[in-house]
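Topology and contacts: notes
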Amino acid sequence: MNLPLATPVVGLVGNPNAGKTSLFNALTGSRQKVANYPGVTVERKAGRLPLPDGRIAELIDLPGTYSLTPRSPDEAVTRDAVLGHLAGEKRLDAIIAVVDATNLRNHLRFVLELRRLGVPMLVALNMVDLAARDGMTIDVERLSAILGLPVVATVAVRRRGLDDLATEVAATLRGEATVVVAVADADVRLLQREARVIADTVTLAEGTRRRWSQRLDGVALHPVMGPVLLAALLFCMFQAVFAWAAMPTDWLADQVTVAQTALTAGMADGPLRSMLVDGVLGGVGAVIVFLPQILILFFFILCLEQSGYMVRAAFLMDRLMARVGLNGRAFIPLISSFACAVPGIMATRTIDSPRDRLTTILIAPLMTCSARLPVYAVIIGAFIPDRPVLGVLGLQGLVLFCLYIAGVVGALVAAWALRHTVTKGPSPTFLMEMPKYQWPAPRDIGIGMYQRAMAFITRAGGIILVSTIALWALATWPKPPADWNRPALEYSIAGRIGAGLEPIFRPIGFNKEIALALVPGMAAREVAVSALGTVYSLQGTDADHSEDLVEKLGKAWSLPTALAFLAWFVFAPQCISTLAVTRRETGGWAWPAFMFAYLFAAAYVAAGITYWTSRALF
């Protein structure tokens, strides 16, 4: 009787920035974020690797690490996986060690350490195209002979060498299994010395292209020009969010209005029409129109990551962050939080100091995530005129830039306060490898933007849609009596909830509609926009469907209220997902409760100061 063979498990291991995740995507077709800084892969990622002999191997993309001596939780996962000590995981049948061809001296040291384990292994010499571009010539056969391991030249982003790599994986798996030996503490200095000797031996020619990288770093890392360049890049990014997105955003808003008008004209008056027109289109439509702005923001972030500039920004920020008790390693999770605080908090696993990691988790929600963008966009569009400043700068983009800066400043102030109180303790030194400069791969940029678009649309069709319909129902029933002479919304359950909350928020300039919108907005920040869209749609008549939410808020709110609302959302703790992932990462509800309390207090105080200052000035 023929028994089915067990699926072999192959681990993809390497230093950060070796192109490991790009190689994983190319080999398996999986869709995963590609970045140029340590720690982007902080969870188990697996895919199917077809082999030439007909077998299918399970390929596991393990977190990047510099050695088998972990300094962070994700590095410990890699160590345990290659040693066969990872709970719930099969022992690896083979290892693919991914090496950056342009940085052999540093990356070969880890290969030598892995070789000591006795696990069947081969080497993927990745990015050989960049090495050739830099004028480097590497003797691959000689490197293989010295290491005593198969070495395959690959270019992951161009899908070169993948067939040869799969062939070598199959051959390695067919060989006799080697028992994993106990790992003795290796002398890092001896391994590094051996790695340098091997690298010098197999490198036949060294080009002069590195000088360009050094010249670029001379500007990007300059103590004066570097921060100026970073600020200019961020400012251009936020200007583009409004300038480039104007046409597609207006088009989407027009389509929502057309759909509302068509449904109003084509359906009889009743609860179903009200739910579709005022609930679904008035709520979800108010959020979905900001998809172009979110995609533009992600386009810039992905380009900065893949170009290699993001790590250099971390080095620039190290000096500033040291003043508040953190180091540059915390900058990467905080930058990730500009997209969403959830992956940013998960990325703190790369921080080895528990106190630094906890501090970074607690301040991550202060970084302006993409969920805030619809809130900012609708308020800025309603109250900030679209006019140039100093002849070339757009006032709306300038205000958005200031809101992002306010979040960063708030995070730094909170970090300083936390590091001097609840997370007091010494900070470790900052060590991070500089990746090479490279052009972002259009395919990976496209995949990343597609993932963000689908995530946003799925969120809009899920939690936002459910929250909006629930709010519509609460704002529709019970129906007022015939002699009721005020808006029907005030008689509904939602109206009574808003009236009950209004005294709490009245001192900071919020009306009952805003207080009501903050309740479903706890699910996600952008739900507040859909909630406002539903509330103001129900308050109007059919003719009001010719106006979008921006126009309605411009008529309903004062400028001080609008500015206070913006200040609230700079600090607002409104995101259940963030609180849930904080509970998971900290192991309990104590720190999420602390996070919610201090952010709520900060949002309330900031909104109040903004409201009363604005009233005094305007």
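The present account deals with the structure reproduced in this document. (Residues numbered from 1 in each chain as written. Predicted model: local features only at pLDDT ≥ 70, side-chain atom pairs only at ≥ 80, totals over all residues. Heavy atoms only, no water.)

Before going further, it helps to spend a moment on the overall build of the protein. A tally of regular secondary structure across the protein gives 26 helices and 10 strands. A globule of 618 residues ought to have a C-alpha radius of gyration of about 25 Å, and the protein, at 27 Å, matches this closely. Oriented by its inertia axes, the alpha-carbon framework of the protein measures out at about 90 × 65 × 45 Å. Classification of the 618 residues of the protein by burial places 53% in the buried group. The long-range share in the protein, meaning contacts at least 24 apart out of those at least 6 apart in sequence, stands at 75%. (Helix = DSSP H or I, 4+ residues; strand = E, 2+ residues; numbered from the N terminus. Rg over C-alpha atoms; globule rule 2.2 N^0.38 Å. Buried < 20%, exposed > 50% of the residue type's maximum accessible area, 1.4 Å probe, protein only. Contact = heavy atoms within 4.5 Å.)

As a further point, take the sheet that holds strand E1 (residues 9–14). Overall, mixed pairing links the 6 strands, which are arranged E2-E3-E1-E4-E5-E7 in an open sheet. Looking at the sheet topology across the chains shown, the edges are occupied by strand E2 (45–50) and strand E7 (151–153). Across this sheet, the average inter-strand angle for adjacent strands is 25°, counted without regard to direction. Taken together, the 4 bridges between E1 and strand E3 (residues 56–61) define a ladder with parallel strand orientation. Of the residues in E3, the one forming a bridge with Val-9 is Glu-58. Contacts from helix H5 (residues 140–147) reach strand E5 (121–126) and E7, with the element oriented near 155° to E7. (Pairing = 2+ DSSP bridges. Axes fitted to C-alpha atoms, helices over the stretch in contact; angles between N-to-C directions.)

Strand direction decides the pairing type here: E2 and E3, joined by 6 bridges, are antiparallel. Considered in E3, the bridge of Ala-46 is made with Ile-60. If you look at the hairpin formed by E2 and E3, you'll find 5 residues sitting between the two strands, and Gly-54 has a positive phi there, around 95°.

Counting residues in each nonpolar core, the largest one holds 117 residues, and the members touching the most others are Phe-510, Trp-557, Phe-565 and Trp-568. With sequence-adjacent residues up to four places away left out, Phe-510 is seen in contact with Glu-502, Phe-505, Leu-518, Thr-561, Ala-564, Phe-565, Trp-568 and Ala-607. Ranked by size, the runner-up nonpolar core spans 36 residues in total, among them Leu-92, Leu-149, Leu-191 and Val-202. (Core = buried A, V, L, I, M, F, W, Y, C linked by side-chain atoms within 4.5 Å.)

On to the packing of aromatic side chains, then. One pass over the full model with this rule turns up 19 aromatic pairs. Their ring planes at 85° and their centres at 5.2 Å tell us that Trp-472 and Trp-477 sit as a pair that is edge-to-face. Residue class for Trp-477 comes out partly exposed when judged on its relative accessible area of 36%. Among the aromatic residues, those joined into a cluster by ring pairs are Phe-383, Phe-505, Phe-510, Trp-557, Phe-565, Trp-568, Phe-569, Phe-596, Phe-600 and Tyr-604. In this structure, Arg-496 is placed above the aromatic ring of Tyr-491, and the distance from its NZ or CZ to the ring centre is 4.7 Å. (Phe/Tyr/Trp six-rings, centres within 6.5 Å; stacked < 30°, edge-to-face > 60°. Lys NZ or Arg CZ within 6 Å of the ring centre and 35° of its normal.)

The subject of this paragraph is the environment of Phe-618. Note on placement: Phe-618 falls in the segment after helix H26 (590–617). Judged by relative accessible area, Phe-618 falls into the exposed class, the value being 65%.

Let us look at a nonpolar patch on the surface. A contiguous nonpolar patch, built from Val-219, Val-224, Met-225, Val-228, Leu-229 and Leu-233 and spanning about 470 Å² of accessible area, is present on the exposed surface. Considering each element in turn, the nonpolar patch owes the most residues, 4 residues, to helix H9 (residues 225–243). With a relative accessible area of 31%, Leu-233 lands in the partly exposed category. (Patch = residues over 30% accessible without salt bridge, like charges linked within 9 Å, V, L, I, M, F, W, Y side chains within 5 Å. Areas by Shrake-Rupley, 256 points an atom, 1.4 Å probe, with all protein chains shown as cover. Salt bridge = Lys/Arg side-chain N within 4 Å of Asp/Glu carboxyl O.)

Attention now moves to the packing of helix H10 (residues 246–266) against helix H11 (residues 271–288). Remark: H10 packs on H11, axes separated minimally by 10 Å, with the N-to-C direction vectors making an angle of 180°. The orientation of H10 with respect to H11, classified from their angle, is roughly antiparallel. Facing H10, whose interface residues are Leu-252, Val-256, Ala-259, Gln-260, Leu-263 and Thr-264, H11 presents Arg-273, Leu-276, Val-277, Leu-281, Gly-282, Gly-285 and Ile-288. Here the residues of the contact of H10 with H11 sort into 8 nonpolar, 4 polar and 1 charged. (Parallel < 35°, antiparallel > 145°, perpendicular 65-115°, else oblique. Nonpolar A, V, L, I, M, F, W, Y, C, P; charged D, E, K, R; others polar.)

What the rule picks out here adds up to 14 salt bridges. Between Arg-55 and Asp-53 there is a salt bridge, and its shortest N-O distance comes to 3.1 Å. Taking relative accessible area as the criterion, Arg-55 reaches 25% and is therefore assigned partly exposed. A relative accessible area of 36% places Asp-53 in the partly exposed class. Connected through shared salt-bridge partners, Asp-53, Arg-55 and Arg-174 make up one network.

Residue Trp-477 is joined to Pro-478 through a cis peptide bond whose omega torsion reads -5°. Relative to the helices and strands, Pro-478 is located in the loop between helix H19 (442–476) and helix H20 (493–505).

Turning to the packing of helix H3 (residues 104–115) against helix H7 (residues 188–202), a few remarks are in order. Direction vectors running N to C along H3 and H7 enclose 120°, while the axes themselves pass 8 Å from each other. In this view, H3 runs oblique relative to H7, as classed from their interaxial angle. For the pair H3 and H7, the crossing hand works out as right-handed. Listed contacts from H7 to Leu-104, Arg-105, Asn-106, Leu-108, Arg-109, Leu-112, Glu-113 and Arg-115 of H3 are Val-188, Leu-191, Gln-192, Glu-194, Ala-195, Arg-196, Ile-198, Ala-199, Asp-200 and Val-202. For the contact of H3 with H7, the per-class residue count stands at 9 nonpolar, 2 polar and 7 charged. (Left-handed = near helix turned anticlockwise from the far one by under 90°.)

Where burial is concerned, most of E5 is hidden: 6 out of the 6 residues are buried. The alternating pattern of E5 places Met-121, Val-123 and Leu-125 and Leu-122, Ala-124 and Asn-126 on opposite faces, both of which are buried. Here strand E4 (residues 94–100) pairs with E5 via 6 bridges, running parallel. Bridging from a neighbouring strand, Ile-96 pairs with Leu-122 of E5. Considered for its hand, the β-α-β crossover made up of E4, H3 and E5 is right-handed. In this structure, E5 lies alongside E7, joined through 3 bridges in parallel fashion. Bridging across to E7, Val-123 finds its partner in Val-151. (Right-handed = clockwise from strand over helix to strand, strands pointing away.)

Any functional reading would require information that these geometric values do not contain.
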